[in-house]
Amino acid sequence: MRIVFEKRQSVSRTIRVLVPVVSLVFALVFGAFLLILSGVNPFVAYAAMAEGAFGDVHALSETLVKAIPLMLTGLGVSIAFRMLFWNIGAEGQLAMGGLVATGVALYASNALPSWSVLPAAILLGMVAGALWAAIPAVLRAYLEVNETITTLMMNYIAILLVSHMYHGPWRDPGGYGFPGTARFPEVAWLPRLYDRAHAGLFFAIIAAAVLWFVLQRTKWGFELRIMGENPTAARYIGINIERQIIVAMLVSGGLAGLAGVCEVTGVMRRLQQGLTVGYGYTAIIVAWMSQLNPWGVLLVGFLLAGLLVGGDQIQMAMGLPAAMGLVLQGALLFPMLGGALFTEYKLRFVHASPEDAVLPRESLPKESES
Amino acid sequence: MNLSLISSILTITLRAGTSLLYATIGEIYAERSGILNLGVEGMMMMGAVSAFAVAYHTGSLALAVLTALLVGAVMALIHAFLSVSLRANQVVSGLTLTLFGTGLASFLGQRLGPDGSRLVGLVGPSLERLPIPVLSVLPIVGDSFFNQDVLTYGLYLCVPLAAWYLYKTRAGLYMRAVGENPQTADAMGIRVGWNRYLYTMLGGALAGLGGAHLSLAYTRGWTENITGGRGWIAVALVIFAMWDPLRAVIGAALFGGINAVQFRMQAAGTTIPAALLNMLPYIATIIVLVVITWWETLRKRVGAPAALGVPYAREEKG
């Protein structure tokens, strides 16, 4: 007897709802197991995490600080994923956005009229992220180079470049040797809403609304969806795939770049270590869990940010490792990834049948090499 | 350049490259069978933390190495189960594995010390350098190649073995067939899923071993972020090496060598930015990837696994 997957007639809605719920339960149970092993009451720890992430206005603002870059990069990544372009380069695109915004804030503040410094930093930072994303896009569109690896490599190049700039040429001369640039002039500060939560939140909401509209209501969005759902058909009905890839990646990189701009102008107000802390990678999880829905990205980004902040909180309050947040994210995503299959397939037990045809072994691919 | 300088650069290259090469060879196995596992970084982390914890508590280095192999394989099993049996997206699954492994290793690193304390900063038994008689006194290569720890010597066996297995054995041929064209392989009676499970887990075991080398020999102890992105470099190296174990040696030497040269340059007080030097391997990887993609004859000759990252399912009914 063996187990086979049988395609369902239609996507099961029940399972679609059930998968995230079961995943959440699984993650919490797994986390509880770890917490018990550490000699901590899991209920107390989870309550402390929730309290630390969502308990009061200050906690919420810290969660928003982490949620904003996750939302922006998550929106960017989901656009690329829509057309099955595996952009795992949001981290590098974010870094380049932050880098260029820093350049504007530090070196163009005196040359530009003061009202225009922040808009210039935002605009140029987005352009930087977009152009960084354009390189793998062009390589994929015209040379069919695998984008997973190129976007990943571009991350490292960007991160090294950023670190080089604040360790070397852009290091604050008055910074007592600490790596990091000087504080930005006030004209380059992104306004804050409460505590450290900043106006980047509005960018994320506006971006989600625009993307939702574009995806649902425009020809461009329609073509993007077709490319993801049926790449062969996309080619047949005459979609310009090359142009589509490049435009979508410019948008994707631009959003990640904007996240970087917000980090340096809204949170750190200088460029230093801590710009690239993995938001671009978590963004992939955000995009995946939200099933590429822009509004879903905002929600999931906020919740995952809560996990991260909650992890920090239990470290401070209970001496538990902050890595708990990361562990829970992983434990949450594994069952979600696996469960996706069951929305389209169901399990069936069958008895082994003779139709597992066997061909002669002579036709093995022969490729010998040094 | 004098001879002792060359010798010392070689020594550092080899020491820095050992963990990298194990992980790379492991990922070559996985990718040749058609499974892209981006979880190398996470598996190395788990290998490093578990090896050090076991070495610290039991004092047995053999047991530590064994644990790392096992832990790496179990981590990879998660990825294999998701991507082979449940046909999940391999990019996302691998990334999650890295995230999960990094997080869990960091968590365990704060809990596995004596009485649930931190492992950070503890000193445990470590793999010492074992000079091989006669060979180790050879000029230039003696000290660098024949005065290393056991795991580095293990590479001298592991790399040729991988090359032989891949190209000269029937099992290696099946592995490549599964990564190249699973439909045909399946039709010929090769068990696609079983092969993919096997090599993904072997890859994980080797990544765990690479991690063990870091915490037992290279860094000697557990620190947060001990792998420092080596898992990702390994993923890049597989492409750079075009899925070939012997070419992986060149790649690992290049990455490890850049580390070593940098060490030396900092000591000599030069001002060439280290960051620019560090970027070279990543840029080189992109160039290699562009060339092999664009130049189809070469791609066919090197045997890039055509079904890499594509889940395999027999045609379903209904």
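Only a predicted model underlies this, so the values are computations on that prediction, with no experimental measurement involved.

**Student:** What exactly am I supposed to notice about the overall build of chain A here?
**Tutor:** Along chain A, the regular secondary structure elements total 14 helices and four strands. The principal-axis extents of the C-alpha atoms in chain A amount to approximately 80 × 55 × 55 Å. Residues classed as buried in chain A amount to 49% of the 370 residues present. Summarising the internal contacts of chain A: among those between residues at least 6 apart in sequence, 78% fall at separations of at least 24.

**Student:** Even after reading the chapter, I still don't get the overall build of chain B, so can you show me in this structure?
**Tutor:** Secondary structure summary: chain B contains 13 helices and two strands in total. Expressed along its principal axes, the backbone C-alpha trace of chain B runs to roughly 65 × 50 × 40 Å. Counting the 318 residues in chain B, one finds 54% classified as buried. Across chain B, every contact between residues at least 6 apart in sequence was considered, and the portion connecting residues at least 24 apart equals 78%.

**Student:** Is there a simple way to explain the interface of chain B and chain A in this structure?
**Tutor:** By a widely used convention, the size of an interface equals the accessible area lost when the partners come together. Taken together, the 48 residues of chain B in the interface contact 53 residues of chain A. Only helix H3 (61–85), helix H4 (90–109), helix H7 (170–180), helix H10 (230–240) and helix H12 (274–294) of chain B provide two or more residues apiece to the side of chain B that touches chain A. Sorting elements by how many residues they give to the side of chain B that touches chain A places H4 of chain B first, with twelve residues. The residue makeup of the side of chain B that touches chain A, split by class, is 28 nonpolar, 15 polar and five charged.

**Student:** Could you clarify how one ought to interpret the environment of Leu 5 of chain B in this entry?
**Tutor:** Its location among the elements puts Leu 5 of chain B in helix H1 (residues 3–32). Placed 256 residues apart in sequence, Leu 5 of chain B and Val 261 of chain B show a C-alpha to C-alpha distance of 9.9 Å.

**Student:** Help me understand the environment of Val 17 of chain A, please; the structure alone is not making it clear to me.
**Tutor:** For Val 17 of chain A, the position within the fold is in helix H1 (residues 13–37). Considering only alpha carbons, one finds Val 17 of chain A and Gly 238 of chain A, 221 residues apart in sequence, at a separation of 36 Å.

**Student:** What is the right way to look at H7 of chain B in this model?
**Tutor:** Each full turn of the α-helix corresponds to 3.6 residues, which orients residues three or four apart in the same direction. All names here are of chain B. The element H7 is largely enclosed, with a buried count of eight among its eleven residues. Those residues of H7 that fall on the buried side of the exposure criterion are Leu 173, Tyr 174, Met 175, Arg 176, Ala 177, Val 178, Gly 179 and Glu 180. Looking at the packing, one finds that the buried side of H7 touches H1, helix H8 (182–187) and helix H9 (192–218).

**Student:** I'm lost on the confidence of the model for chain B in this one. Help?
**Tutor:** Caution applies to low-pLDDT regions: their predicted coordinates should not be interpreted in detail. Mean pLDDT over chain B stands at 87; residues scoring 70 or higher make up 92%. Reported for the predicted complex are a pTM of 0.86 and an ipTM of 0.82.

**Student:** Got a minute to help me understand the packing of helix H7 (residues 200–217) of chain A against helix H10 (residues 241–268) of chain A in this structure?
**Tutor:** The relative placement of two packed helices comes down to the angle between their axes together with the axis-to-axis distance. Residue and element names in this part refer to chain A. Two elements in contact, H7 and H10, have axes separated by 10 Å at closest approach and are oriented at 165°. Compared by their axis directions, H7 and H10 come out roughly antiparallel. Two packed elements cross with a definite hand, and for H7 against H10 that hand is right-handed. Across from Gly 200, Phe 203 and Ala 207 in H7, the residues of H10 making contact are Leu 255, Leu 258, Cys 262 and Gly 266.

**Student:** Where do I start with helix H2 (residues 42–54) of chain A in this structure?
**Tutor:** Residue and element names in this part refer to chain A. The terminal C-alpha atoms of H2 lie 18 Å apart, and with 13 residues this matches the ideal 18 Å at 1.5 Å per residue to within 8%. Buried within H2 are the following residues: Ala 45, Met 49, Gly 52 and Ala 53. Projection of H2 onto a plane perpendicular to its axis shows the buried side chains occupying an angular sector of 90°, all on one side. Facing away from the buried side of H2 by over 90 degrees, the exposed positions are Phe 43 and Val 44. Lining the buried residues of H2 we find H1, helix H3 (57–82) and helix H12 (294–318).

**Student:** Would you take a moment to explain unusual backbone geometry for this structure?
**Tutor:** In terms of backbone geometry, most residues other than glycine have negative phi values and most peptide bonds are trans. For Gln 291 of chain A, which is not glycine, the phi torsion reads 50° and is therefore positive. In this structure, Gln 291 of chain A sits in the loop between helix H11 (279–289) and H12. Residue Gln 291 of chain A is classed as partly exposed on the basis of its 15 C-beta neighbours within 10 Å. For Met 242 of chain B, which is not glycine, the phi dihedral falls at a positive 50°. By the element assignment, Met 242 of chain B lies in the loop between H10 and helix H11 (245–268).

**Student:** Looking at this model, I keep getting lost on the nonpolar core. Mind explaining?
**Tutor:** A general feature of soluble globular proteins is that nonpolar side chains tend to end up buried together. Counting 220 residues, the largest nonpolar core has Leu 72 of chain A together with Ala 48 and Leu 237 of chain B as the members making the most contacts within it. Ignoring anything within four residues of it in the chain, the contact list for Leu 237 of chain B reads Leu 20, Thr 24, Ala 248, Gly 251, Ala 252 and Phe 255 of chain B.

**Student:** Got a minute to help me understand the packing of H1 of chain B against helix H6 (residues 150–168) of chain B in this structure?
**Tutor:** Residue and element names in this part refer to chain B. With their axes 10 Å apart at the nearest point, H1 and H6 run at an angle of 25° to one another. Here H1 is positioned roughly parallel relative to H6, judged by the angle of their axes. The two elements H1 and H6 cross, and the hand of that crossing is left-handed. Along the contact surface, H1 presents Leu 14, Thr 18, Leu 21, Ile 25, Ile 28 and Arg 32, while H6 presents Leu 151, Thr 152, Leu 155, Cys 158, Val 159, Ala 162 and Leu 166.

Reading guide: rules and limits
Residues numbered from 1 in each chain as written. Chains lettered and ligands numbered in written order. Predicted model: local features only at pLDDT ≥ 70, side-chain atom pairs only at ≥ 80, totals over all residues. Helix = DSSP H or I, 4+ residues; strand = E, 2+ residues; numbered from the N terminus. Buried ≥ 20, exposed ≤ 12 C-beta atoms within 10 Å, placed from the backbone. Contact = placed C-beta atoms within 7 Å. Nonpolar A, V, L, I, M, F, W, Y, C, P; charged D, E, K, R; others polar. pLDDT = per-residue confidence, 0-100. Axes fitted to C-alpha atoms, helices over the stretch in contact; angles between N-to-C directions. Parallel < 35°, antiparallel > 145°, perpendicular 65-115°, else oblique. Left-handed = near helix turned anticlockwise from the far one by under 90°. Expected span 1.5 Å × (residues − 1). Arc of directions from axis to C-beta. Core = buried A, V, L, I, M, F, W, Y, C linked by C-beta atoms within 7 Å.

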